[in-house]
Amino acid sequence: RPVWFLFHWLVKLVVLVVLGVRAALRPRLVRYGLLVLIVVGVVGWRYFGASLPGLSAAPLAVSGQTGSATVDLGHSTLPHSPVVDRYIQAEANYDAATMWSLLSDDMKNSIQVSGATGTGLQQLQTAVDTAKQQGRQYVGATYVGGIPLGGGDSVYFYVLLVWDPTGNGAIPYIYLVGPDSKIVSIQ
């Protein structure tokens, strides 16, 4: 009998709470306001809140001839890619040979086909030398996030901060890395 009494009052309490919440949320302004607060809270937590468990929030320092860049790990499904970090560091150092070594064979072939003269490595070295002569400097890089794809591929999103004589610019890059840890494409 005492258990039945407690159960009866517990059910009444739950019904009253549900009816009270429903009555409080009846006006549209309150419902939509609460929905907006929830969405803003989730977005704010996602981009400005605490790090996800298991991920390091320590920045990765990348130093080059033009200074140093920092790769901010932020929030992502995958940790940053060492291959992409090395590529960005080589780019900051104007090191075409290292950049070339980190590219997949398919990407190397596409560079060679698209170029007019010389090997793909020579073409890449010419592009890097031109950027250096024009005063292009890599100020920093921010890691936005990474997502695993089917077949062992992964995609990584970075924003590179670049300075040239015309000013500063933030350039978004998408790196596709194959299962062999080589860069398949850069967009």
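All values derive from a computational prediction rather than experimental measurement. (Residues numbered from 1 in each chain as written. Predicted model: local features only at pLDDT ≥ 70, side-chain atom pairs only at ≥ 80, totals over all residues. Heavy atoms only, no water.)

> Describe the overall build of the chain, and please don't skip the residues or the numbers.
Looking only at helices and strands, the chain features six helices and six strands. Scanning the chain from its N terminus toward the C terminus, one meets helices and strands in the order α-α-β-β-α-α-α-α-β-β-β-β. Expressed as a percentage of its 187 residues, the buried residues of the chain come to 26%. Counted over contacts in the chain with a minimum sequence separation of 6, partners at least 24 positions apart contribute 52%. (Helix = DSSP H or I, 4+ residues; strand = E, 2+ residues; numbered from the N terminus. Buried < 20%, exposed > 50% of the residue type's maximum accessible area, 1.4 Å probe, protein only. Contact = heavy atoms within 4.5 Å.)

> How would you explain unusual backbone geometry if you had to name every residue and give the values?
In this model, Y94 sits at a positive phi of 55°, which is unusual for a non-glycine residue. Note that Y94 resides in the loop between helix 3 (82-92) and helix 4 (96-101). Since its relative accessible area comes to 10%, Y94 is described here as buried. Backbone geometry at S181 places phi at a positive 60°, although glycine is not the residue there. Along the chain, the position of S181 falls in the loop between strand 5 (167-177) and strand 6 (183-186).

> I'd love a proper account of a nonpolar patch on the surface, names of residues and values included.
A contiguous nonpolar surface patch, about 510 Å² in accessible area, is contributed by W4, F7, V11, V15 and L19. Relative to the helices and strands, V15 resides in helix 1 (residues 2-24). (Patch = residues over 30% accessible without salt bridge, like charges linked within 9 Å, V, L, I, M, F, W, Y side chains within 5 Å. Areas by Shrake-Rupley, 256 points an atom, 1.4 Å probe, with all protein chains shown as cover. Salt bridge = Lys/Arg side-chain N within 4 Å of Asp/Glu carboxyl O.)

> Please provide a residue-by-residue account of the sheet that holds strand 4 (residues 154-164), values included.
Think of a sheet as strands paired side by side through backbone hydrogen bonds, with each pair either parallel or antiparallel. Across the sheet, which stays open at both edges, the four strands sit in the order 3-4-5-6 with antiparallel pairing between neighbours. This sheet does not close on itself; its edge strands, each paired only once, are strand 3 (137-148) and strand 6. Averaged over all neighbouring strand pairs, the angle between strand axes comes to 25°, with direction disregarded. Both strand 4 and strand 5 contribute to a ladder of 11 bridges, which runs antiparallel. Paired with V155 across the bridge in strand 5 is L176. (Pairing = 2+ DSSP bridges. Axes fitted to C-alpha atoms, helices over the stretch in contact; angles between N-to-C directions.)

> Can you lay out helix 6 (residues 120-133) for me, pointing to particular residues and giving the numbers?
In this model, helix 6 (14 residues) spans 20 Å end to end at C-alpha, consistent with the 20 Å of a helix rising 1.5 Å per residue. For helix 6, every residue scored as buried is listed here: G120, Q123, L124, V128 and A131. Angular distribution of buried residues about the axis of helix 6 spans 135°; they occupy a single face of the element. Directly after helix 6, the chain includes G135, whose backbone phi takes a positive value near 85°. (Expected span 1.5 Å × (residues − 1). Arc of directions from axis to C-beta.)

> Please provide a residue-by-residue account of the packing of aromatic side chains, values included.
Enumeration over the complete set of coordinates arrives at five aromatic pairs. Geometrically, the ring pair formed by Y158 and Y175 is edge-to-face, given 5.6 Å between the ring centres and 90° between the ring planes. You can see Y158 sitting in strand 4 and its partner Y175 sitting in strand 5, a full 17 residues away along the chain. Through a chain of ring-to-ring contacts, three or more aromatic side chains come together here, namely Y87, Y143, Y156, Y158, Y173 and Y175. (Phe/Tyr/Trp six-rings, centres within 6.5 Å; stacked < 30°, edge-to-face > 60°.)

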